[in-house]
Amino acid sequence: MSELIILCRPEELDEAHSLGYRLACAGWQVGKDGRLWRSPMPKLSRGSLMTVLGGKSGERLQDDITAECARLGIDEVLWLDKMRSTAISGGNVSEYLKGETDVFVEPMRHYFTLPSNNGNGVPINEAQLEKFKATVKCRGFSRELGCKYLIWEGGCVLYDDAESIGRKIKLLRDIDIKRIILPYSSKRVREFLRVHL
C-alpha cells in the first residue's frame, strides 16, 4: 500500500504534525559550494524524512548528509529534484510514472492555448480560474492527465482541487507508487487532507 507523506517547510512542521502523517521537511539545500545548507527548524518528529533541494551528489555532500542524519536521528532522505511530478500536460500520467518509487503530487492550475505546440502552460491565479469556470461549458476530469480540465475554442485550463487530488492519489496507488509526496504549502492539498482526516 502507498504511503502518503506530507512535504513541509520548517515553519509548517508544527501545524502539519497534527494531521498524523509522516512528514518530510524541506529544510536543506545544496549550496553553490556543493555543501549542504540547513534552514533553522524546530525539532523533527520521529520518522521524519530529510528533503534536499538542488545540486548534484558528491562525496563532500554525501558526508554532510550522513553527518546531518546522524545528528538528527534521520535515516531517510528525499531528493526533491530527482522525483517525478504528476504535473503533465500530455500523455498518460499512469504510464509516465509507472515504475517510480517516490512521486511528487504537484497541483495544476495552468492555461494553455490550443493547439499547444510545446505543451507549456501559463500559471493562472484563483480569480482567473473562477472566471474561466463561470464561462466555460466543457469541463471534466482527465484520467490520462490526472487533473480537471476546462476546454473552449482556442484554449484550455488544467487544474486541481481537493477532489482531483484524491483521484490523482488513487491513480498513483493503482500503479503501486510506494511513497506519494503531498506539498503542504498547496491550499488544494490542505483541503484534501482536511476532508480525509
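In what follows, the accompanying structure is described.

Reading the values: the criteria
Residues numbered from 1 in each chain as written. Predicted model: local features only at pLDDT ≥ 70, side-chain atom pairs only at ≥ 80, totals over all residues. Heavy atoms only, no water. Helix = DSSP H or I, 4+ residues; strand = E, 2+ residues; numbered from the N terminus. Rg over C-alpha atoms; globule rule 2.2 N^0.38 Å. Buried < 20%, exposed > 50% of the residue type's maximum accessible area, 1.4 Å probe, protein only. Contact = heavy atoms within 4.5 Å. Pairing = 2+ DSSP bridges. Phe/Tyr/Trp six-rings, centres within 6.5 Å; stacked < 30°, edge-to-face > 60°. Salt bridge = Lys/Arg side-chain N within 4 Å of Asp/Glu carboxyl O. Core = buried A, V, L, I, M, F, W, Y, C linked by side-chain atoms within 4.5 Å. Axes fitted to C-alpha atoms, helices over the stretch in contact; angles between N-to-C directions. Parallel < 35°, antiparallel > 145°, perpendicular 65-115°, else oblique.

### What to know about the overall build of the protein
Reasoning step 1: Summing up its helical and strand segments, the protein has six helices and 13 strands in all.
Reasoning step 2: Computed over the C-alpha atoms, the radius of gyration of the protein is 18 Å, within 12% of the 16 Å expected from 2.2 N^0.38 for a compact globule of 197 residues.
Reasoning step 3: Taking the principal axes of the C-alpha coordinates as reference, the protein spans close to 55 × 35 × 30 Å.
Reasoning step 4: For the protein, buried positions account for 44% of its 197 residues.
Reasoning step 5: The long-range share in the protein, meaning contacts at least 24 apart out of those at least 6 apart in sequence, stands at 57%.

### Things to note about the sheet that holds strand β11 (residues 147-152)
Reasoning step 1: Spatially, the five strands line up as an open sheet ordered β9-β8-β12-β11-β10, and their pairing is antiparallel. The open sheet is flanked by β9 (122-123) and β10 (138-142), the only strands paired with a single partner.
Reasoning step 2: When β11 meets strand β12 (residues 155-159), the two strands line up antiparallel, connected through five bridges. Note on β12: the bridge partner recorded for Leu150 is Val157.

### Examining the packing of aromatic side chains
Reasoning step 1: Under the defined criterion, the tally for this structure stands at three aromatic pairs.
Reasoning step 2: An angle of 25° between the planes, with centres 5.9 Å apart, marks the rings of Tyr111 and Trp152 as stacked. Here Tyr111, found in strand β8 (residues 109-113), pairs with Trp152, found in strand β11; they are 41 residues apart in sequence, far enough to count as distant.
Reasoning step 3: Classification of Tyr111 as partly exposed rests on a relative accessible area of 23%.

### Re the pattern of salt bridges
Reasoning step 1: As enumerated under the stated definition, the model contains 19 salt bridges in all.
Reasoning step 2: Glu3 serves as the salt-bridge partner of Arg22, at 2.9 Å between the closest nitrogen and oxygen. Of the two residues, Arg22 sits in strand β2 (residues 22-30) while Glu3 sits in strand β1 (residues 3-8), which places them 19 residues apart along the sequence.
Reasoning step 3: Asp102 is the salt-bridge partner of Arg179, the closest N and O atoms lying 2.8 Å from each other. Remark: Asp102 occurs in strand β7 (residues 102-104) and Arg179 occurs in strand β13 (residues 179-183); sequence separation between them is 77 residues.
Reasoning step 4: On the accessibility criterion, Asp102 (16% relative accessible area) is buried.
Reasoning step 5: A single network of salt bridges, built from pairs that share partners, joins Glu3, Arg22, Glu76, Asp102 and Arg179.

### Comments concerning the nonpolar core
Soluble, globular proteins show a tendency: their nonpolar side chains are buried together.
Reasoning step 1: Ranked by internal contacts, the top residues of the largest apolar core, which has 45 residues, are Trp28 and Leu182.
Reasoning step 2: Every residue in contact with Trp28, bar those within four places of it in the chain, is listed here: Leu36, Trp37, Arg38, Met41, Leu44, Met50, Thr51, Val52, Leu53, Glu68, Leu72 and Ile74.

### Points about the environment of Thr51
Reasoning step 1: By the secondary structure assignment, Thr51 is in strand β4 (residues 49-53).
Reasoning step 2: Thr51 sits in the buried class, given a relative accessible area of 0%.
Reasoning step 3: Along the chain, Thr51 and Ala24 lie 27 residues apart, while their C-alpha atoms are 6.0 Å from each other.

### Observations concerning the packing of helix α5 (residues 162-174) against helix α6 (residues 187-195)
Reasoning step 1: Running from N to C, α5 and α6 point in directions that differ by 75°, and their axes come no closer than 8 Å. Classified by the angle between their axes, α5 and α6 sit roughly perpendicular to one another. Where α5 approaches α6, its residues Ala162, Ile165, Gly166 and Ile169 are matched on the opposing element by Arg188, Val189, Glu191 and Phe192.

Nothing here speaks to function; it is all geometry.
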